[in-house]
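Tertiary structure, described
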Amino acid sequence: MEAHILAFRFEVEDNLGILTLDTSNEKVNILSTPVMQELNKFLDELNSRTDLKALILLSGKEGNFIAGARIEEIENITDPKDGAEKAAMGQAVFGKIAALPFPTIAVIDGACVGGGLELVLACDYRLARDSEKTRIGLPEIRLGIIPGFGGTQRLPRLIGIQRALDFILTGKLVDAQRAYRAGVVDRVIPKEFPMQQLRRLGVGFAQEIQSSAAREKIVARRNRANPQTLLLEKNIFGRKVLFDQARRRTLAETKGHYPAAELALEAVDKGFSKKDINDGLKIEAELLGKAVVTSVSKNLVKVFYLTEAVKKDSGVENYSGAAQEFNKIGVLGAGLMGGGIAQLMAHNDLPARMKDINLAAVAKGMEAAARVFNESVKRRRMTPKEMQNKMALISGSADYSGFKNVDLVIEAIVEILDVKKKVFAEIDTLLPPHAILASNTSSLPITEMARATKRPDKVAGLHFFNPVHRMPLVEIIRGTETSDATVVSLVAFSKKIGKTPIVVMKDSAGFLVNRILGAYMAEAGRMLIEGATIEQLDSALVEFGMPMGPINLFDEVGIDVAAKVSHILENAFGGRMAGDGMLDKIVESGRLGKKNGKGFYIYEGKNKKVDPAIYAFIPKTGKFDGNAAEMQDRCVLPMINEAAMCLAEGLVRRPADVDIGMIFGTGFPPFRGGLLRYADARGIDNIVGKLETLAGKYGERFKPAERLMEMKQSGKKFY
Ligand code: NAI
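Residues numbered from 1 in each chain as written. Predicted model: local features only at pLDDT ≥ 70, side-chain atom pairs only at ≥ 80, totals over all residues. Heavy atoms only, no water.

**Considerations on helix H27 (residues 655-666)**
The periodicity of an α-helix, 3.6 residues per turn, causes residues three or four places apart in sequence to face the same way. Compared with the 16 Å implied by 1.5 Å per residue over 12 residues, the 16 Å span of H27 between its first and last C-alpha is a close match. Along H27, 12 of the 12 residues are buried, which leaves the element largely enclosed by surrounding structure. For H27, the set of buried residues is Pro 655, Ala 656, Asp 657, Val 658, Asp 659, Ile 660, Gly 661, Met 662, Ile 663, Phe 664, Gly 665 and Thr 666. Taken together, the buried residues of H27 touch helix H14 (295-312), strand S17 (473-478), strand S18 (500-504), helix H21 (513-530), helix H26 (628-649) and helix H28 (675-682). Taken from the residues just after H27, Gly 667 is the one with a positive phi, measuring 80°. (Helix = DSSP H or I, 4+ residues; strand = E, 2+ residues; numbered from the N terminus. Expected span 1.5 Å × (residues − 1). Buried < 20%, exposed > 50% of the residue type's maximum accessible area, 1.4 Å probe, protein only. Contact = heavy atoms within 4.5 Å.)

**Quick word on H21**
The end-to-end C-alpha distance of H21 is 26 Å, a good match for the 26 Å that 18 residues give at a rise of 1.5 Å each. Within H21, 18 of the 18 residues are buried, which leaves it mostly tucked inside the rest of the structure.

**Here's the deal with the packing of aromatic side chains**
Applying the stated rule across the entire model yields 12 aromatic pairs. When the centroid spacing of 5.6 Å and the interplanar angle of 65° are considered together, the rings of Tyr 125 and Phe 205 count as edge-to-face. Of this pair, Tyr 125 sits in strand S7 (residues 125-129) while Phe 205 is found in helix H8 (residues 198-208), placing the two residues 80 residues apart along the sequence. Taking the relative accessible area as the measure of exposure, Tyr 125 reaches 6% and is therefore buried. Its relative accessible area of 2% is what places Phe 205 among the buried residues. Grouped by ring-pair contacts, the aromatic residues Phe 8, Phe 10 and Phe 42 constitute a single cluster. The aromatic ring of Tyr 400 is capped on one face by Lys 355, whose charged end is 4.9 Å from the ring centroid. The residue whose ring lies beneath Arg 634 is Tyr 698, and the NZ or CZ to ring-centre distance is 3.8 Å. (Phe/Tyr/Trp six-rings, centres within 6.5 Å; stacked < 30°, edge-to-face > 60°. Lys NZ or Arg CZ within 6 Å of the ring centre and 35° of its normal.)

**Concerning the site of the ligand**
Taken together, 19 residues lie around the ligand, and Met 337, Asp 356, Glu 415, Lys 420 and Ser 442 are the ones closest in. In the model, an oxygen atom of the ligand is placed 2.6 Å from a nitrogen or oxygen of the Asp 356 side chain. Within the side chain of Lys 420, one N or O atom sits 2.5 Å away from an oxygen atom of the ligand. In isolation the ligand offers 820 Å² of accessible surface; the protein chains occlude 78% of this area. Elements that contribute at least two residues to the shell around the ligand include exactly helix H15 (336-347), helix H18 (417-428) and strand S16 (459-464). Taken together, the residues that form the shell around the ligand break down as eight nonpolar, seven polar and four charged. (Near = heavy atom within 4 Å. Polar contact = N/O pair within 3.5 Å; in protein donor to acceptor, adjacent residues only side chain to side chain. Areas by Shrake-Rupley, 256 points an atom, 1.4 Å probe, with all protein chains shown as cover. Nonpolar A, V, L, I, M, F, W, Y, C, P; charged D, E, K, R; others polar.)

**Thoughts on the sheet that holds strand S5 (residues 104-108)**
Strand pairing within a sheet occurs via backbone hydrogen bonds; the two strands may be parallel or antiparallel. If you walk across this open sheet you meet the six strands as S1-S2-S3-S5-S7-S10, and the pairing is mixed. Lying at the two open borders of the sheet, with one neighbouring strand each, are strand S1 (8-13) and strand S10 (187-189). Each strand axis lies, on average, 20° off the axis of its neighbour in the sheet, ignoring direction. With respect to the sheet, helix H1 (residues 33-47) is in contact with S1, strand S2 (16-21) and strand S3 (54-59), its orientation differing from that of S1 by roughly 25°. (Pairing = 2+ DSSP bridges. Axes fitted to C-alpha atoms, helices over the stretch in contact; angles between N-to-C directions.)

**Details of the side chain of Asn 299**
Inspection of the secondary structure assignment puts Asn 299 in helix H14. Classification of Asn 299 as buried rests on a relative accessible area of 16%. The residues contacting Asn 299, other than those within four sequence positions of it, are Pro 670, Phe 671, Arg 672, Gly 673 and Arg 677.

**Here we look at the pairing of strand S14 (residues 408-411)**
What you see with S14 is no split at all: Leu 408 and Ile 410 on one side and Val 409 and Glu 411 on the other are buried throughout. Here four bridges tie S14 to strand S15 (residues 436-439), and the two strands are oriented parallel to one another. Opposite Glu 411, over in S15, you have Ser 439 as the bridge partner. Traced from S14 through H18 to S15, the parallel crossover comes out right-handed. (Right-handed = clockwise from strand over helix to strand, strands pointing away.)

**As for the packing of helix H22 (residues 534-544) against helix H23 (residues 550-557)**
As a packed pair, H22 and H23 sit with axes 7 Å apart at the nearest point and diverge in direction by 95°. Relative to H23, H22 is oriented roughly perpendicular. Taking contact as the criterion, the partners of Ile 534, Leu 537, Asp 538 and Leu 541 in H22 are, on H23, Pro 550, Ile 551 and Asn 552. Taken together, the residues of the contact of H22 with H23 break down into five nonpolar, one polar and one charged. (Parallel < 35°, antiparallel > 145°, perpendicular 65-115°, else oblique.)

Following this line, the structure appears as structure tokens:
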């Protein structure tokens, strides 16, 4: 059999077949239809070979095994039958791997996800190299679909139902060690072994498993994974209990917004009891067909494309220069945000030097960073030793010592413009000329801070969200003099530290995300004043898909912070952002929200409940007569309106930035594809019509933005 057509290379060594996947013209291996067809042909030929003792599967790309199936191929499927057929075709190919008359061994190095994992699950044995790049899992659920090339059938049969569901329902990706502990892979190859030796290790393993004792030992280890649950899973009643629980947990989490989770459960449940795996595979294919045509899946695929586009965006159109690298970071202010930022730097192996007004404040920042690392240690994502090494990267003092050789300063001191200007002027004289100065301010003008220095071109906003380690978004804000080089460097840096950046083109109040959110929060506050209850409002918006309701969010953000932001937005944009003084009164009474245990809710340990006494602070006007849909519209439509104004002002470059910002900065429901994708789906006509009705009922603030009116006229959409 002579090798190489498109993707595969085949060689024989000592009666062992070695199949290397290396798709030409691609950076990563992807299981597109042509690649699957080629594999299919290879497998037919291999099946008739009597000389082979085993087959070893490798990737020809360093640090990438198989990144999955080609997403574009499912994007346009609108008939569930077509989806099912596509799955059945993939299943048939992988079925041929499972049916080969000799043992098959996959040697994984790098991403082995989705269809990639399903392929190796059809092999008899899996080895994985313990490198940072190795990531193993079934992320299909994140695209609103279920694994359709056998994943929902083979994984539970290999590692048990509960462990398999943990992969399938969360879409989590794990490293080689965790995959080994879960029983997904049979052996971990230490990362010291270079790629060139993987083949030799595969060959060694193939020779080892020629002995039946060795084979039995390997298989026995997988089943030792968790004897108790395995016992439960073998029993039909035990399984019922298990699936009932999983269903309840899933619904509590998805609130029914993510149908793929229920379909995945159904596939595992119905398939597992089938003696013949082929019966299970039929069920899987049919359910994949159902999932792939849902609007939820279509929206999630679009969100995926948005994030891919962010990865490619340099932040400035047609910029050809290189991004500046930042190897040592200064962090000004060791408070809530400063501590979080220092942790994020150390997490990314960057030395961070903190400065605050006294050592006690610096110590607090260190403690905050240590708490985040500790959490990772508790979850066994990090060893205590690794934590120690990371913490050693953070240092601090009450003066600017150690700032002379930093490349980037991130300022996170108190939100007072005069203080910030003074600090910017001071530090400007100490920093090396190439250093960039970024402010984490959530509301103050970057341009004014920049002008306090002699390097205004090297000053920009770098706005993280709280909590820093968890929130994926950063806004990069251009001041009037900020240079393209500064923006490009901060964009590249943000990606390097694992964040999703959007560029805000103008230094205007609330930047993008807090401004749009401000319109939403202000309206929620007004409905409270009109007499809606806290429970009604919060449950209406959670039902819409927000991660928490707006009143709950006041408590999370801090009512004092929310009040301050609302004043800034009202000053800049007028009445539509007005809070009518309610928040100020609540703050005066000493209620700051979750951080001091009382706000709209009372917090006791992990529990919270609405505090009836809070209504004494809400000047109830008693007119509220809306239902959940009205509450949702009154909160969400002003966000669309505000976003349309932001686009018209050129605050961001494109609608995608709004959707990225709202999904990753506020948790706007991804299953809706983003704020503006939602507007498009509902129809601009409908949005304008509804805004006009609301304006008639409640006033000018709902008046449709000019941009929306133009879009309605010309029949345009955001996308
Ligand atoms: P914080 O009050 O927790 O921390 C501020 C720290 O700055 C304190 O430790 C204070 O001692 C220190 N500080 C004050 N003057 C200083 C000076 N001259 N030199 C060095 N340190 C000084 O405040 P937080 O919440 O961390 O906010 C910091 C910045 O981050 C503000 O600009 C805020 O607007 C922004 N921000 C806050 C978010 C939040 O959710 N808290 C979210 C995003 C941005």
